[in-house]
Amino acid sequence: MNKLNNSGKALKFLLLMTVVCGVLYTGAITVFAQIVFPHQANGSIIEVDGKKYGSELLAQQYTDEPHMWGRIMNIDVSTLHPSNINSYVFLLKMWARF
């Protein structure tokens, strides 16, 4: 009987916290954002002549040096020999996990 009583209390607490965190808090933050930051809260949509094109925040062009970190595209395969192919396969498998 004690386990049933504890389960009931746990379910009530779960329901309470779901309402508080999932509904009330989310609603309060949404209302606050709509009042204080209406353009940003609605996604910073670009609108020209009544037609919506997308968000100002997507595909921004960065030109300053700290943001210019490219990917290495040139891979030197001249060091790949059949004698050490197993170590490369192992490294590739390990890299694939990340």
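This is a predicted model, so every value here is computed, not measured.

Caption draft 1: The arrangement of the environment of Asn42 in detail. Mapped onto the elements, Asn42 comes out in the loop between α2 (38-41) and β1 (45-48). Taking the C-alpha atoms as reference points, Asn42 and Ser55, separated by 13 residues in sequence, lie 9.5 Å from one another. Here the side chain of Asn42 touches Gln34 through a polar contact of 3.0 Å, side chain to side chain.

Caption draft 2: Quick peek at the pairing of β1. Summarising the sheet, β1 and strand β2 (residues 51-55) pair through 4 bridges and their orientation is antiparallel. Of the residues in β2, the one forming a bridge with Val48 is Lys51. The antiparallel pairing of β1 with β2 creates a hairpin that spans 2 residues between the two strands, and Asp49 there sits at a positive phi of about 55 degrees.

Caption draft 3: Layout of the side chain of Ser55. Looking at the element boundaries, Ser55 is found in strand β2. Using a relative accessible area of 18% as the deciding quantity, one classes Ser55 as buried. A distance of 2.8 Å separates a polar atom in the side chain of Ser55 from the backbone oxygen of Gly43. Residues within four places of Ser55 in sequence aside, it is in contact with Gly43, Ser44, Ile45 and Ile46.

Conventions we followed
Position numbers for residues start from 1 in each chain and track the written sequence from start to end. Given that the model is predicted, a residue must reach a pLDDT of at least 70 before its local features are reported, and side-chain atom pairs must reach 80 or more before they are shown or counted; all residues, however, enter totals for whole chains, interfaces and linings. Note that the side-chain values use all heavy atoms of the structure and ignore hydrogens as well as water. A run of H or I in DSSP becomes a helix once it reaches four residues, and a run of E becomes a strand once it reaches two; helices and strands are each numbered from the N terminus. Whenever a nitrogen or oxygen atom comes within 3.5 Å of another N or O atom, the pair is scored as a polar contact, on the condition that within protein one atom can donate a hydrogen and the other can accept it, and that pairs from neighbouring residues in sequence are kept only if both atoms are in side chains. Strands pair, by our definition, only if DSSP identifies at least two bridges between them. Buried residues are those whose accessible area, probed at 1.4 Å on protein chains only, stays under 20% of the maximum for their type, while exposed residues exceed 50% and partly exposed ones sit between those limits. Whether two residues are in contact is decided by their heavy atoms, any of which lying within 4.5 Å being enough.

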